[in-house]
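Observations on the three-dimensional arrangement
Single-letter residue listing:
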Amino acid sequence: MDINVRKRSQVQVIQLRGALRMGPAVDNLRQTMDEALSNGDTRMVMNLSEVPMVDSSGIGLLVRYLAVIKQKGGNLKLAQPSKFAVQTLRLVGVLNLFEIFDNDDAAVESFV
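The notes below deal with the structure included here. From a predicted model like this one, the values you see are computed outputs, not experimental measurements. (Residues numbered from 1 in each chain as written. Predicted model: local features only at pLDDT ≥ 70, side-chain atom pairs only at ≥ 80, totals over all residues. Heavy atoms only, no water.)

1. Considerations on the side chain of Asp-104
Rule in force here: For the purposes of this entry, the term helix denotes a DSSP run of H or I that reaches at least four residues, the term strand denotes a run of E that reaches at least two, and both are numbered from the N terminus. Note on exposure labels: buried denotes an accessible area under 20% of the residue type's maximum, exposed denotes more than 50%, and partly exposed covers the range between, all computed with a 1.4 Å probe on protein chains only. Whenever two N or O atoms come within 3.5 Å, that pair is a polar contact, provided that in protein one can donate a hydrogen and the other can accept it, and provided that, for residues adjacent in sequence, both atoms are side-chain atoms. Throughout, a contact is declared for two residues whenever any of their heavy atoms are within 4.5 Å.
Structurally, Asp-104 can be placed in helix H4 (residues 104-109). The class for Asp-104 is buried, based on a relative accessible area of 8%. For Asp-104, the side chain forms a polar contact with the side chain of Arg-6, separated by 2.8 Å. Ignoring anything within four residues of it in the chain, the contact list for Asp-104 reads Arg-6, Arg-8, Val-13, Gln-15, Val-45, Asn-47, Ala-79 and Gln-80.

Pasting the structure below:
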């Protein structure tokens, strides 16, 4: 799992590459999210265009951080989720919790 974080107009854009599943991938993403939150960042876009697979640990992490960020007055939005990621989120019944955008720009602009 490769995680690339960049800031665009007060929004953290987190680009993921690789499978989001239990183990180092989920642990590394948790650490990245915790660092962002500790810096006061509560506006985040997670780009899932290069995530071919998400397991229950990955979904749990996304849902948990969505709840934490919303409690702090922010939001976690998804950009370009892969077909498999969308199917998995729908299957588990959490797809409707997230705002989903076609690209990073649209997701970032939605915070304005």
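2. Topic: the packing of aromatic side chains
Rule in force here: Two rings belonging to Phe, Tyr or Trp (six-membered ring only in the last case) form a pair when the distance between their centres is within 6.5 Å. Interplanar angles under 30 degrees mark stacking, angles over 60 mark edge-to-face geometry, and anything in between is tilted. Charge-over-ring contacts are defined here by two conditions on Lys NZ or Arg CZ: a distance within 6 Å of the ring centre and an angle within 35 degrees of the ring normal.
Taken as a whole and judged by the stated rule, the model has zero aromatic pairs. Here the guanidinium or amino end of Lys-77 rests over the ring plane of Phe-111, the centre of that ring lying 4.2 Å away.

3. Examining helix H1 (residues 24-38)
What counts, and what does not: For a helix, the expected span equals 1.5 Å multiplied by the residue count minus one. Each C-beta atom gives one direction from the helix axis, and the arc is the one those directions make.
When the terminal C-alpha atoms of H1 are compared, their 21 Å separation across 15 residues agrees well with the 21 Å that a helix rising 1.5 Å per residue should span. By the burial criterion, the buried members of H1 are Ala-25, Val-26, Leu-29, Thr-32, Met-33, Ala-36 and Leu-37. Seen along its axis, H1 keeps its buried residues to an arc of 135°; they face one direction. Turned more than 90 degrees away from the buried face of H1, the exposed residues are Pro-24 and Ser-38. For H1, the elements touching its buried residues are strand E1 (2-8), strand E2 (11-17), strand E3 (43-50), helix H2 (56-71) and strand E4 (75-79). Within two residues after H1, Gly-40 carries a phi angle of roughly 90°, on the positive side.

4. Quick notes on the packing of H1 against H2
Formally: Note on definitions: angles span 0 to 180 degrees between N-to-C directions of axes, and those axes are lines fitted to C-alpha atoms, for helices only across the stretch in contact. Angles are sorted into four bins: roughly parallel if under 35 degrees, roughly antiparallel if over 145, roughly perpendicular if 65 to 115, and oblique for all others. Gly falls in the polar group here, along with every residue not listed as nonpolar (Ala, Val, Leu, Ile, Met, Phe, Trp, Tyr, Cys, Pro) or charged (Asp, Glu, Lys, Arg).
Two numbers describe how H1 lies on H2: the axes approach to 10 Å, and their chain directions differ by 10°. Here H1 is positioned roughly parallel relative to H2, judged by the angle of their axes. Here H1 contributes Val-26, Leu-29, Arg-30, Met-33, Asp-34 and Leu-37 to the contact with H2, which in turn contributes Ser-57, Gly-58, Leu-61, Arg-64, Tyr-65, Val-68 and Ile-69. For the contact of H1 with H2, the residue count by class is eight nonpolar, two polar and three charged.

5. Quick word on the environment of Ala-19
Tracing the backbone shows Ala-19 in the loop between E2 and H1. Here Ala-19 falls in the buried class, since its relative accessible area comes to 17%. A C-alpha to C-alpha distance of 28 Å links Ala-19 and Lys-72, two positions 53 residues apart in sequence. Sequence-distant contacts of Ala-19, that is, excluding residues within four places in its chain, are made with Met-1, Ala-25, Pro-52 and Met-53.

6. Regarding helix H3 (residues 83-92)
Among all positions in H3, only Ala-85, Val-86, Thr-88 and Leu-89 are buried. One face of H3 carries all of its buried residues, which in axial projection span an arc of 165°. Along H3, exposed side chains directed more than 90 degrees from the buried face belong to Lys-83, Arg-90 and Leu-91. Following H3 by one or two positions, Gly-93 has its phi on the positive side, about 90°.

7. Concerning the pairing of E2
Going by this rule: The criterion for strand pairing is that DSSP finds at least two bridges linking the strands in question.
For E2, the tally of buried residues reaches six of seven residues, placing the bulk of the element in the interior. Pairing analysis gives seven bridges linking E1 to E2, with the strands arranged antiparallel. The residue bridging Lys-7 from the neighbouring strand is Gln-12, located in E2. Between the end of E1 and the start of E2, which pair antiparallel, lie two residues, with Ser-9 showing a positive phi angle near 40°. As judged from the five bridges shared by E2 and E3, these two strands associate in the parallel manner. The partner of Gln-15 across the bridge, within E3, is Asn-47.

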